[in-house]
Amino acid sequence: RRVDLVCLTAPTGSALIVDVNECSAPGTCTSLWPNTQGSRVQCAASATSGSQTTFEDNVLTAGNYLGMDVDQIGSTVAGSDVTVTVTCLQ
């Protein structure tokens, strides 16, 4: 349904961006946004939260797990103390 991101220290200069991946085994992870990387969840520069409700892969297979990659941290001050919350609908 949605991915929420909270940064206690806001990034500056550029956004802090997190990619959420569905994984069936280590090394087999695929982004929930494989074709539109610009849709990854982010804390915009100087912001402490962000969310995303649009996904290209919106069906998680039972038994798979989620992995997360921090793809960008900000360019002047790195965003830090990050919490990512994934809300699913059964």
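Everything below is about the structure shown above.
Caption draft 1: Representation of the nonpolar core in the model. One finds Val3, Leu5, Cys7, Leu16, Val18, Val20, Leu32, Trp33, Val41, Cys43 and Phe55 forming the largest nonpolar core, which totals eleven residues. Where this core is concerned, the elements lending two or more residues are strand E1 (2–9), strand E2 (16–23) and strand E4 (41–43). Setting aside residues up to four positions removed in sequence, Cys43 forms contacts with Leu5, Val6, Cys7, Pro11, Ala15, Leu16, Thr48, Ser49 and Gly50.

Caption draft 2: Focus on the state of the cysteines. Scanning the entire structure with this criterion turns up two disulfides. Disulfide partner of Cys7: Cys43, at an S-S distance of 2.5 Å. On the S-S bond that ties Cys7 to Cys43, the torsion sits near 105°, and the link is right-handed. With Cys7 in strand E1 and Cys43 in strand E4, this pair connects stretches of sequence that are 36 residues apart.

Caption draft 3: The arrangement of the sheet that holds E1 in detail. Taken in spatial order, the three strands line up as E5-E1-E7 in an open sheet, and their pairing is antiparallel. At either end of the open sheet lies a strand with only one pairing partner, and these are strand E5 (49–52) and strand E7 (80–87). Between one strand axis and the next, the sheet turns through 15° on average, direction left out of account. For E1 and E7, the ladder comprises seven bridges, and the chain directions are antiparallel. Paired with Leu5 across the strands is Val84, a residue of E7.

Caption draft 4: The arrangement of the pattern of salt bridges in detail. By the definition in use, this model includes two salt bridges. Arg2 serves as the salt-bridge partner of Asp4, at 2.9 Å between the closest nitrogen and oxygen. In this structure, the salt-bridge partner of Asp71 is Arg40, at a minimum N-O distance of 2.8 Å. Of this pair, Asp71 sits in strand E6 (residues 65–73) while Arg40 sits in the loop between strand E3 (30–31) and E4, placing them 31 residues apart in sequence. Look at Arg40 and you get buried, because its relative accessible area is 17%.

Rules behind the numbers
- Residues numbered from 1 in each chain as written.
- Predicted model: local features only at pLDDT ≥ 70, side-chain atom pairs only at ≥ 80, totals over all residues.
- Heavy atoms only, no water.
- Core = buried A, V, L, I, M, F, W, Y, C linked by side-chain atoms within 4.5 Å.
- Buried < 20%, exposed > 50% of the residue type's maximum accessible area, 1.4 Å probe, protein only.
- Helix = DSSP H or I, 4+ residues; strand = E, 2+ residues; numbered from the N terminus.
- Contact = heavy atoms within 4.5 Å.
- Disulfide = S-S within 2.5 Å.
- Pairing = 2+ DSSP bridges.
- Axes fitted to C-alpha atoms, helices over the stretch in contact; angles between N-to-C directions.
- Salt bridge = Lys/Arg side-chain N within 4 Å of Asp/Glu carboxyl O.

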